[in-house]
Amino acid sequence: MSWFRFPNRAARCVIERNTSFHFAIISSSGKAEHYLSTSEITEKILKKCGGYGLFQKILSIFVLMVVMIDAIETLAMVFIRETVPFACYPANFNESMIPSNISLDEFLSDVTVKEGKCSVYNLDTEDGFYVLPTNNSTKEPCNYGRKFYTEDLSSIVSEFELVCDKEWLKNIAVSANFAGIFVGNLVFGILSDRFGRYKTYCIGEIIYMCCSLTKINAPNYIVFVVMYFLEGFGSAGTYIILYTILIECVSQNYKMRLNFICHGSFAVGGVILGGLAYLLRKWKHLLYAAWSPHILIFIIALKYLPESPRWLLNKQRFAEAEKSFNRIAKLNGKDNEDMVNLIRELQRKAESKSKFDEEVVGNKNLGKKQRIPEKPKTVIDLLKRPRSAMIPINIWFNWFVNSMLYYGVTLNSVDMSGNRYVNYLMMAVIEIPGNILGCITFHWFGHRKPIVFFMVLAGINCIVSNFVPKVSVWFPLILAVVGKMGVTASFNGIYLTSAELFPTAVRNSGMGTASSFARVGGIVAPIFLGLSTYGSWIPLTVYGIFAVVAGLLILLLPEMKDACLLQTLEDMHNF
């Protein structure tokens with residue numbers, strides 16, 4: 001307990017301050033007046049502004065639009081890597097030497113070795129024309145050029161000839177994008193906590209738009225990969241920041257439903273992508289369709305996107321916070337007098353704490369009063385206390401496992417037998433009921449138990465699917481769909497739990513680090529799929545064990561169903 005005396009007050013009093021930043025004024029008679037915590041006062045301010053009025057509804061519509069478009073651009077990687085049919089040109093090819101009774105396409109099809117498609121027959125000539133090869137003809141590598149049949153379908157494979165000995169390169173682009181998101185989450189998380197959500201979002205959106213447009217028109221594959229990395233870096237500064245702004249602008253009664261609606265819109269975007277990919281078979285057309293809405297989004301954001309009022313309060317920028325809350329209250333048709341009084345109360349508390357710190361420093365320095373500026377909080381501060389450090393570590397591990405399971409199940413199902421578009425569409429559509437089921441269970445059973453249930457469900461599903469008879473191509477796909485529903489609900493649940501448990505001071509840093517762990521999970525997922533060469537049961541079993549362990553660890557986190565969003569690190573340490 002710490003004490004500070006105000007020598008210039010008529011009534012002799014002291015201020016008692018504990019580590020959770022609850023204050024009490026103790027008069028000379030010994031009577032104490034209790035003050036609410038910063039988190040509780042901030043929650044009261046939002047409720048005075050309407051909680052979830054017209055302002056928040058407009059903001060929600062904007063964020064949901066961005067999330068749907070983000071889903072299209074993120075998941076487009078599934079389709080821009082599609083294999084495009086091609087044929088090989090023979091050595092010293094001369095089109096005039098093709099027999100007159102056969103077309104160029106038919107000729108190239110005949111001279112290309114069918115097995116593996118990466119060899120071409122050596123050709124003999126007779127009377128100035130090529131002689132079509134036989135099975136006994138000699139073969140040579142397909143090193144003399146290729147013709148891709150792009151009339152109905154094109155991709156980066158046909159654009160940059162990523163076939164045969166270069167086939168492995170098509171996955172480098174995806175890895176580069178994940179790496180960009182990994183780095184971007186760390187960087188933009190720190191920047192948004194220090195300099196604000198709005199400015200950081202705008203920077204991320206500019207980087208994304210410029211790099212994405214350059215990527216689509218890249219002159220070679222190296223430029224494409226570099227731009228894909230930078231595009232991922234920029235996109236990391238948009239999605240999570242917008243999600244954070246939305247969650248920080250509503251009262252606690254609405255954050256759970258908005259979380260699942262937000263992620264449900266990502267699922268809707270995934271479904272829309274399936275239709276777009278079917279209609280726009282040219283990879284550039286598909287990417288232009290995903291990129292062009294960002295122009296309108298950026299214009300709207302520049303004019304209307306607010307700075308997070310919670311962040312302004314946390315930074316003690318009270319005048320700006322009052323202006324932001326006034327804007328919300330005015331649009332919601334609410335009286336702002338009580339809201340202004342609450343902001344002034346927070347300001348008085350901050351000033352009291354500042355005076356208290358000056359007095360403590362002065363006592364330590366033999367009466368020489370000086371104020372040591374408070375250092376900006378970073379994600380490292382989450383780990384400084386062993387007890388509370390287990391919260392972010394647990395959350396980050398769950399992001400890693402959820403992402404690994406999400407992408408592992410998706411990649412495994414898309415590569416299954418059957419129609420590629422049907423498989424993808426089923427995996428995308430199932431996310432919608434997954435979000436609905438998650439929202440219902442979170443409402444009735446709290447925020448921890450549903451995550452545990454869905455994680456364990458997805459894990460057991462992965463393990464069991466290895467040992468059930470594969471009676472048809474549909475049965476394994478149905479099991480994969482059920483697993484995808486479970487991991488969707490748990491992934492979206494851990495998203496909300498993270499926003500609730502990371503305080504405003506480091507919320508985006510914590511969320512950004514969590515998303516970086518998720519990118520590692522996405523990178524590891526296909527590596528585990530490669531273990532199927534040692535046993536077809538290994539990949540899904542590994543996924544399943546990780547999912548069950550991570551799900552049970554959620555029970556160690558505090559329940560946040562009816563709690564206010566935390567404002568300070570001390571709020572988290574003492575929760």
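- An unreviewed UniProt entry annotates the chain as Organic cation transporter protein-like originating from Octopus sinensis.
- The chain has a UniProt comment under Subcellular location (unreviewed entry) that states "Membrane".

### Some points on the overall build of the chain
- In terms of helices and strands, the chain carries 22 helices and 10 strands.
- Buried residues in the chain amount to 55% of all 575 residues.
- Considering only contacts in the chain between residues 6 or more positions apart, those separated by 24 or more positions represent 74%.
- Accessible surface, the chain as shown: approximately 26100 Å² in total, 62% of it carbon and sulfur.

### What to know about a nonpolar patch on the surface
- Together, Val268, Ile272, Ile432, Ile436, Ile440, Trp444 and Phe445 give the surface a local cluster of nonpolar side chains, amounting to about 680 Å² of exposed area.
- Considering each element in turn, the nonpolar patch owes the most residues, 5 residues, to helix H17 (residues 431-445).
- Position of Ile432 relative to the elements: it lies in helix H17.
- Ile432 gets classed as partly exposed once you look at its relative accessible area, which sits at 31%.

### Thoughts on the environment of Ser175
- Mapped onto the elements, Ser175 comes out in helix H5 (residues 170-195).
- With a relative accessible area of 37%, Ser175 lands in the partly exposed category.
- Sequence-wise, Ser175 and Ile523 are 348 residues apart; in three dimensions their C-alpha atoms are separated by 6.8 Å.

Parameters at a glance
- Residues numbered from 1 in each chain as written.
- Predicted model: local features only at pLDDT ≥ 70, side-chain atom pairs only at ≥ 80, totals over all residues.
- Heavy atoms only, no water.
- UniProt positions renumbered as here; feature names shortened; annotations may be inferred.
- Helix = DSSP H or I, 4+ residues; strand = E, 2+ residues; numbered from the N terminus.
- Buried < 20%, exposed > 50% of the residue type's maximum accessible area, 1.4 Å probe, protein only.
- Contact = heavy atoms within 4.5 Å.
- Areas by Shrake-Rupley, 256 points an atom, 1.4 Å probe, with all protein chains shown as cover.
- Patch = residues over 30% accessible without salt bridge, like charges linked within 9 Å, V, L, I, M, F, W, Y side chains within 5 Å.
- Salt bridge = Lys/Arg side-chain N within 4 Å of Asp/Glu carboxyl O.

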